[in-house]
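# Topology and contacts: notes
Listed below are the residues making up each chain.
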Amino acid sequence: MAITNSMETLYLGNYSWCSTIAQPPAARLFLRLYKQFPGDVGCFAIFFLNHMKLKPGEAMFLGPNVPHAYLYGDCIECMACSDNTVRAGLTPKFIDVPTLCAMLDYRCRTVDENKFTPVQQGGAGGAGVSVYDPAVPDFSVLRVELAAGEMDYTLPLVDSASILLTVQGEADAYSGSLGEEPIYVTRGTVLFISAG
């Protein structure tokens, strides 16, 4: 309790005379996180981690053992198979400090080193295809946007399993090789597609 009160007093004391608008962005973020996770030392992570805002369509790649936290918004997180999640804070769940300290990647990187640009490809029938392909062999993400009025798109065959996530619109999905009944997909629908 004394730590929590001290943290509140030491940090908040510097900005008690300021309006919310006049506070530096880090102070506003700290206050928001501290309100959500009172007493959690993870609130201080904002002072030694990069704070970045991604615009729609932007991507970033973080290698294994790089600490990160999603603060708000929607994103698709794609990762290699893993059997662990080690938490550092901003959670009511268990935080294993010795394991965390032993496994972290402590190399500093700039925001620009973590962001990468998707490759734009023309798809069949005028579809816009963005390929998010980080420099690891474990996964890629394709973003397919059909042009207005476009009704058909055939996904390319790949040698691994895939997940189809519908984020906007609606359609009937077919598996041509199996001759199955169509599956109606709309925002939030997730389909598993086997390899090949």
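Residues numbered from 1 in each chain as written. Predicted model: local features only at pLDDT ≥ 70, side-chain atom pairs only at ≥ 80, totals over all residues. Heavy atoms only, no water.

### Here we look at the side chain of Thr-91
Our working definition: Secondary structure follows DSSP: runs of H or I at least 4 residues long count as helices, runs of E at least 2 residues long count as strands, and numbering of each begins at the N terminus. Any residue under 20% of the maximum accessible area for its type is buried, any over 50% is exposed, and the rest in between are partly exposed; the area is computed with a 1.4 Å probe on protein chains only. Polar contacts, as used here, are pairs of N or O atoms within 3.5 Å; protein pairs need one atom able to donate a hydrogen and one able to accept it. Residues neighboring in sequence count only if both atoms are side-chain atoms. Whether two residues are in contact is decided by their heavy atoms, any of which lying within 4.5 Å being enough.
Of note, Thr-91 is situated in the loop between β1 (59-60) and α3 (97-103). Judged by relative accessible area, which is 16%, Thr-91 ranks as buried. In terms of polar contacts, Thr-91 uses its side chain to reach the backbone amide nitrogen of Lys-93, at 3.0 Å. Residue contacts for Thr-91: discarding those within four places in its chain leaves Phe-37 and Asp-40.

### Thoughts on the packing of aromatic side chains
We apply this condition: Only Phe, Tyr and Trp rings are paired, with Trp represented by its six-membered ring, and only when their centres lie within 6.5 Å; those with planes under 30 degrees apart are stacked, over 60 edge-to-face, the remainder tilted.
Within this structure, the stated rule accounts for four aromatic pairs. With centroids separated by 6.5 Å and ring planes inclined at 40 degrees, the aromatic side chains of Phe-44 and Phe-47 adopt a geometry described as tilted. Take Phe-47: its relative accessible area is 42%, and that puts it in the partly exposed class. One aromatic cluster is present, formed by Phe-30, Tyr-34, Phe-44 and Phe-47 through successive ring pairs.

### Points about helix α2 (residues 25-36)
Definition in use: Here a helix's expected span is defined as the number of its residues, less one, multiplied by 1.5 Å. Our arc is simply the arc of the directions from the helix axis toward the C-beta atoms.
When the terminal C-alpha atoms of α2 are compared, their 17 Å separation across 12 residues agrees well with the 16 Å that a helix rising 1.5 Å per residue should span. The set of residues buried in α2 consists of Ala-27, Leu-29, Phe-30, Leu-33 and Tyr-34. Buried residues along α2 cover an arc of 160 degrees about the axis, so they all sit on one side. Turned more than 90 degrees away from the buried face of α2, the exposed residues are Pro-25 and Lys-35.

### Quick look at unusual backbone geometry
The phi dihedral of Asn-65 is positive, around 70 degrees, even though this residue is not glycine. In this fold, Asn-65 is placed in the loop between β1 and α3. Residue classification places Asn-65 among the partly exposed residues on the basis of a relative accessible area of 35%. Of note, the phi angle at Leu-90 is positive, near 55 degrees, even though the residue is not glycine. Looking at the secondary structure, you find Leu-90 in the loop between β1 and α3.

### Notes on the sheet that holds strand β4 (residues 128-132)
The condition that has to hold: For two strands to be treated as a pair, DSSP must find no fewer than two bridges joining them. Interaxial angles span 0 to 180 degrees and are taken between N-to-C directions of axes, which are lines fitted to C-alpha atoms, for helices over the stretch in contact.
Pairing in this open sheet of three strands is antiparallel, and the strands run β3-β4-β5 from one edge to the other. Single-partner strands in this sheet number two, and they are β3 (119-122) and β5 (141-145). Shown here is a sheet whose adjacent strand axes are inclined to one another by a mean of 25 degrees, direction ignored. The pairing of β3 with β4 spans four bridges and is classified as antiparallel. Considered in β4, the bridge of Gly-122 is made with Gly-128.

### Section: the environment of Leu-62
Positionally, Leu-62 belongs in the loop between β1 and α3. Sequence separation between Leu-62 and Pro-134 is 72 residues, and the spatial gap between their C-alpha atoms is 9.4 Å. Once residues lying within four places of it in the same chain are set aside, the contact partners of Leu-62 are His-68 and Asn-114.

### Re the confidence of the model for the chain
As a reminder, the rule being used: Each residue carries a pLDDT value, the predictor's own confidence for that position, ranging from 0 to 100.
When pLDDT is averaged along the chain, the result is 81; 84% of the residues meet or exceed 70. Contacts from residues 1-19, a stretch scored under 50 in pLDDT, to residues over four places away or in other chains number 18 contacts.

### A look at the side chain of Asn-114
Relative to the helices and strands, Asn-114 resides in helix α4 (residues 111-114). Dropping the residues within four chain positions of it, Asn-114 is found in contact with Asn-50, Ala-59, Met-60, Phe-61, Leu-62 and Arg-109.

### Focus on the pattern of salt bridges
Opposite charge on two side chains permits pairing when their charged atoms draw close. Operational definition: One speaks of a salt bridge when a side-chain nitrogen belonging to Lys or Arg is within 4 Å of a carboxyl oxygen belonging to Asp or Glu.
Going through the model one piece at a time under the given rule, you end up with four salt bridges. Residue Arg-109 is joined to Asp-105 by a salt bridge in which the shortest nitrogen-to-oxygen separation is 2.8 Å.

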